[in-house]
Amino acid sequence: MSSLITSCFDATGRHVAYIVQTLDTETLKVQSIGGEESDHTVTVHPFDKKKNPRVKSLLWLSSDTLGVIFRGSNKFILLNILSNEVTSTLKTDQLISSLTVSKSSHGKIYVVDSNSDLLEYQLEADFSGWKLDKSYRLDDVELRTVHRLLDLNERYLFLFSNSVYLFDKKEGKVTDFKNLYVSPINCAVECVSNNSVIVSADNDRFINLISVSEDGKIVIGEQILVAEGPVIEVTHYQIEEFNLELVVALTEGRILEIFNDPFTKRAQSNTSDKKKRRKGPAVQSQRSDCKVELARKGTNESMSIEDITIDPRYLTIVWMEDSSYLAFDRIEWWQHPNDGEYRYRIVRDTKLIKDRPMVNLGQNKDKHGDDRASAKHYKESNAIVSSGDNFRDLETNSENREEEELEDEDFGHLAEKFNIDNKKRSTNGKKGKLQVGSLTVVLSQALKSNDHGLFESVLNNNRDENVIRNTVARLDTTYVLALLDRLSERLGRGKGARNRQIQQQLDTWVKYILIYHGSYLISLPNLAADLNLLSNSLRIRARNLNRLLDLRAKIGLVTDRMEMKRELGKQLVVDRSEEVDGEEENVEYNEEVDDAGLEEDDVDDDDDYGGSNDNEMDVDSNEVYVGGEQGSDDEQYSDVEGDAS
């Protein structure tokens, strides 16, 4: 399924505006298809889903002003594609059902609202506002289903549902209507030469031609174009000077059906008598002359054609590449041979073979590459940055002033300047301060233009917590919600969900956003819906937190018990050593008393020993009594008794 929602060519066919779906954001892109400009002119403008509903259609008001219509809304936004800024937001009292720009009166807009009122507005010269000129009440019940308008001329206006209504501006009412289709009409293309309109409907193969008669009645053409599949879009071009006319229909099969000289009567085969007897004028049908389709080179895989336009020379075919940007091919639809007669060039079935976009990437000689899906390089001449390089009012340390003066060079590309500054710091080995002011400007620019590459460079080159804190503190509150959404996406999936270091870095960003911009987030009316992605990411990361806390408590209990046992063991060893020391201290040893007793006993023993050599005296050290039995109460000496062996 294609990510393209809607597209619209300008009056010259040189620029195309289209809406693509990027994640949950609808992004408007304006791309040039003329010559060498086609590869270097892309304007990107994202629409926040919180502030704006889904885009319904696009409408060119001038060569540089684009109108955006939303589903179920009363707003009509005017965008200047040169400055990529919303110039004005126009509102009606009721929801807008359909809107068209008048071709006969400059700056006049016709609106059909949900209250079945046809409103005529006049835009101011600078498109800064509009005023209501006239209001018409559409009383018919069926007119409430009108979803498309076309300003035919100064008097008549076509209103389309599944039927066609003719509104007379002079009389201020619907003067005629015709039932054409069962399904709603999806395309209405004006044929300027004959003042008629080509129409087609959803789920229908028939293409009709309608016009207005002199008496103000709708006339259905005698020619009906029949395609092989249901028609999605029709485009038309006529060169009266060369007698050439071409109608191209884009069908649901995403192929083109070519009708050369479509509204010229051709010879028919003989009909039966039954057909001749039919009442009413005969209507002639015409099938397509040939078909054009796209295929991928190598695999022959069919490719979807998304849009078409015709100019005086070329048929331009549009298709999506990488679901992010449009690619173009131009085919000459007429030729002028040497015989002097102008002829149609596309007369047989054609299959256009296209290479994959990766094949042509090597041809890019740009030093920094070429991202065709982004708004190109951020040059100071076209970047939407009012200021950011003036650091005179910032407070900087005197030690870093010389370094900042060296780094304050005139770089055209903000991302290039940011990367080169980081390379200088890493090669010099100095831990100088990052310039927070320029970093905030780069981050704001990345969020505003939805540039994923520039946003990744800001995240990957910033790991200092102080720099992150100061950057978030300086960030404007209008970008806070977008920044939280981007961080939540990286926390929930990708490298941020697997790499612990990246998770810690993203957590730091989220922490300081909640600290510095928490009061702004609380003031949002739909805070729960806005932070749903962040809460889901954090809930997924914390789903095992309770079990981990239980496991941590159990491990802590086991380690505490082991530590307690270890301490008890050490205490037991200390107590035992103290008991041994205490037992030794309880034994009293009196050296003077023992020496006196031993000298007296030694004299007696020497005498006995000298008288008899057969007797030996053994003294048992275990039989020593302190304060025990005494030989004499008067002497108070210790007695040493020994047994002779």
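Residues numbered from 1 in each chain as written. Predicted model: local features only at pLDDT ≥ 70, side-chain atom pairs only at ≥ 80, totals over all residues. Heavy atoms only, no water.

- An unreviewed UniProt entry lists the chain under the name Small-subunit processome Utp12 domain-containing protein, with Eeniella nana given as the organism.
- Regarding the chain, the UniProt comment filed under Sequence similarities (unreviewed entry) reads as follows: "Belongs to the UTP5 family."
- The Subcellular location (unreviewed entry) field of the UniProt record for the chain holds the comment "Nucleus". (UniProt positions renumbered as here; feature names shortened; annotations may be inferred.)

1. Examining the overall build of the chain
Right, so step 1: Scanning the chain for helices and strands turns up 13 helices and 35 strands.
Right, so step 2: Counting over 645 residues, the chain shows a buried share of 40%.
Right, so step 3: Here the contacts in the chain between residues at least 6 apart in sequence split such that 48% fall between residues at least 24 apart. (Helix = DSSP H or I, 4+ residues; strand = E, 2+ residues; numbered from the N terminus. Buried < 20%, exposed > 50% of the residue type's maximum accessible area, 1.4 Å probe, protein only. Contact = heavy atoms within 4.5 Å.)

2. Comments concerning the sheet that holds strand S30 (residues 325-332)
Right, so step 1: Read across the sheet, 3 strands follow the order S28-S29-S30 without closing on themselves; strand pairing throughout is antiparallel. Across the chains shown, the open sheet's two edge strands, defined by having one partner strand only, are strand S28 (307-310) and S30. Direction aside, the axes of adjacent strands within the sheet are offset by 20° on average. (Pairing = 2+ DSSP bridges. Axes fitted to C-alpha atoms, helices over the stretch in contact; angles between N-to-C directions.)

3. Here we look at the environment of Asn462
Right, so step 1: On the secondary structure map, Asn462 appears in the loop between helix H5 (452-460) and helix H6 (465-474).
Right, so step 2: Taking the C-alpha atoms as reference, Asn462 lies 8.7 Å from Gln505; in sequence the two are 43 residues apart.

4. A few points about a nonpolar patch on the surface
Right, so step 1: Taken together, the side chains of Leu548, Leu551 and Ile555 define a hydrophobic patch exposed on the protein surface, amounting to about 290 Å² of accessible area.
Right, so step 2: Within the secondary structure, Ile555 sits in helix H12 (residues 545-586). (Patch = residues over 30% accessible without salt bridge, like charges linked within 9 Å, V, L, I, M, F, W, Y side chains within 5 Å. Areas by Shrake-Rupley, 256 points an atom, 1.4 Å probe, with all protein chains shown as cover. Salt bridge = Lys/Arg side-chain N within 4 Å of Asp/Glu carboxyl O.)

5. Things to note about unusual backbone geometry
Right, so step 1: Located in the positive-phi region is Asn203, a residue other than glycine, with phi close to 55°.
Right, so step 2: Mapped onto the elements, Asn203 comes out in the loop between strand S18 (196-201) and strand S19 (206-212).
Right, so step 3: Overall, the relative accessible area of 60% leaves Asn203 in the exposed class.
Right, so step 4: Of note, the phi angle at Arg254 is positive, near 60°, even though the residue is not glycine.

6. A closer look at the pattern of salt bridges
Right, so step 1: Scanning all chains against the criterion turns up 16 salt bridges.
Right, so step 2: As a salt-bridge pair, Glu120 and Lys108 come within 3.0 Å of each other at their nearest N and O atoms. On the criterion of sequence distance, the pair formed by Glu120 in strand S11 (residues 117-123) and Lys108 in strand S10 (residues 108-113) is long-range, its members being 12 residues apart.
Right, so step 3: Looking at Glu120, the relative accessible area reads 6%, which means it is buried.
Right, so step 4: Residue Lys108 is classed as buried on the basis of its relative accessible area of 16%.
Right, so step 5: Taking the shortest distance from any N to any O, the salt bridge between Arg137 and Asp117 comes out at 3.0 Å.

7. Let's talk about H6
Right, so step 1: By the burial criterion, the buried members of H6 are Val467, Ile468, Thr471 and Val472. Here the buried residues of H6 occupy an arc of 130° about the axis, which is enough to place them on one side.
Right, so step 2: Residue Asp464 occupies the N-cap position of H6, its side-chain oxygen lying 3.2 Å from the main-chain nitrogen of Asn466. (Arc of directions from axis to C-beta. Polar contact = N/O pair within 3.5 Å; in protein donor to acceptor, adjacent residues only side chain to side chain.)

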